[in-house]
Amino acid sequence: MQVLSLILSLLILSACSTHQLKTISSENVSSYGKDIKLDVSGENLEIVDKLRRYIQASLLTAGFNIVTDENATQLDVAISAFDPGNAALRLTVGFGAGRGSLVYNAKYTKSGKLLVDYDGAERFTGLEFAPGTQYEAFRNLGGEETSTLILLEEASKHIVEQATINGK
């Protein structure tokens, strides 16, 4: 019984995301205005487009405006790695085999001043149990499309959170 509890604890703790906040302003990004100019870059243009749409939706939901004005707060997101993983391996082998991942950097700047520099890495093993996230029971049964959706939803949520949290 103790071994089962230990295994379940490790699976729960190994789920989700890792984040490193390298720089944060002493004020919320939103205190510099509600207008955000968004730029997402990366090698996979389909994933770049999808992540851009998720971030835009999350920003709008959080009360921001998406603009093209050069004087607005700039949000630059650079995707450095994306792998949707392999659903068959997740379901048959488990323990991290077939894991999907998304690695990115998000920077908020205003008039050349760096407000937030944030490194994020989302992971989807299919065994996540994390309330308040997009990791839900039985979503691990989905294939590449499902893992891509989960990774992008979680990344957009974490990127927008950086604009609304208080600084140090």
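Keep in mind that this is a model prediction, so the values were computed, not measured. (Residues numbered from 1 in each chain as written. Predicted model: local features only at pLDDT ≥ 70, side-chain atom pairs only at ≥ 80, totals over all residues. Heavy atoms only, no water.)

Caption draft 1: The arrangement of the overall build of the protein in detail. Helix and strand counts for the protein stand at four helices and six strands. Secondary structure elements of the protein, listed N to C terminal, follow the sequence α-β-β-α-β-β-α-β-β-α. At a minimum sequence separation of 6, the contacts of the protein that also span at least 24 residues come to 71%. For the protein, the accessible surface area stands at approximately 9,100 Å², while carbon and sulfur atoms represent 54% of it. (Helix = DSSP H or I, 4+ residues; strand = E, 2+ residues; numbered from the N terminus. Contact = heavy atoms within 4.5 Å. Areas by Shrake-Rupley, 256 points an atom, 1.4 Å probe, with all protein chains shown as cover.)

Caption draft 2: Just the environment of Lys157, in detail. Here Lys157 shows up in helix 4 (residues 144–164). Lys157 sits in the partly exposed class, given a relative accessible area of 24%. Residues Lys157 and Ile55, spaced 102 residues apart in sequence, show a C-alpha to C-alpha distance of 7.5 Å. (Buried < 20%, exposed > 50% of the residue type's maximum accessible area, 1.4 Å probe, protein only.)

Caption draft 3: Molecular detail of the nonpolar core. Ranked by internal contacts, the top residues of the largest apolar core, which has 28 residues, are Ile55, Leu75, Val77 and Tyr108. Listed by contribution, the elements that provide at least two residues to this core are strand 2 (35–41), helix 2 (45–61), strand 4 (73–83), strand 5 (100–110), strand 6 (113–124) and helix 4. Ranked by the residues each element gives to this core, the list is headed by helix 4, at seven residues. Contacts of Leu75, omitting those with residues within four sequence positions, involve Ile36, Lys37, Leu38, Asp39, Ile55, Leu59, Ala106, Lys107, Tyr108 and Ile159. (Core = buried A, V, L, I, M, F, W, Y, C linked by side-chain atoms within 4.5 Å.)

Caption draft 4: Spotlight on the environment of Gly100. Tracing the chain through its elements places Gly100 in strand 5. For Gly100, a relative accessible area of 0% puts it in the buried group. Along the backbone, Gly100 and Glu122 are 22 residues apart, and their C-alpha atoms lie at a distance of 8.2 Å.

Caption draft 5: The arrangement of the pairing of strand 2 in detail. When strand 2 meets strand 3 (residues 65–66), the two strands line up parallel, connected through two bridges. The partner of Ile36 across the bridge, within strand 3, is Ile66. The β-α-β motif built from strand 2, the intervening helix 2 and the parallel element strand 3 has right-handed crossover chirality. Examined bridge by bridge, strand 2 and strand 4 share six bridges and lie parallel to one another. Looking at the pairing, Leu38 lines up with Leu75 of strand 4. (Pairing = 2+ DSSP bridges. Right-handed = clockwise from strand over helix to strand, strands pointing away.)

Caption draft 6: Layout of the pattern of salt bridges. Taken as a whole and assessed by the stated rule, the structure comprises five salt bridges. Here Glu70 and Lys37 are joined by a salt bridge, their closest N and O atoms 2.7 Å apart. In this pair, Glu70 sits in the loop between strand 3 and strand 4 while Lys37 sits in strand 2, placing the two residues 33 residues apart along the sequence. Between Asp49 and Arg52 there is a salt bridge, and its shortest N-O distance comes to 3.7 Å. On the criterion of helical spacing, the pair formed by Asp49 and Arg52 is a turn pair, its members being three residues apart in helix 2. (Salt bridge = Lys/Arg side-chain N within 4 Å of Asp/Glu carboxyl O.)

Caption draft 7: Focus on unusual backbone geometry. Unusually for a residue other than glycine, Ser111 sits at a positive phi of about 50°. Secondary-structure assignment places Ser111 in the loop between strand 5 and strand 6. Judged by relative accessible area, Ser111 falls into the exposed class, the value being 73%.

Caption draft 8: Representation of the confidence of the model for the protein. When pLDDT is averaged along the protein, the result is 78, and 64% of the positions lie at 70 or above. Ranking the elements of the protein by mean pLDDT puts helix 1 (residues 2–13) last with 50 and strand 2 first with 97. (pLDDT = per-residue confidence, 0-100.)

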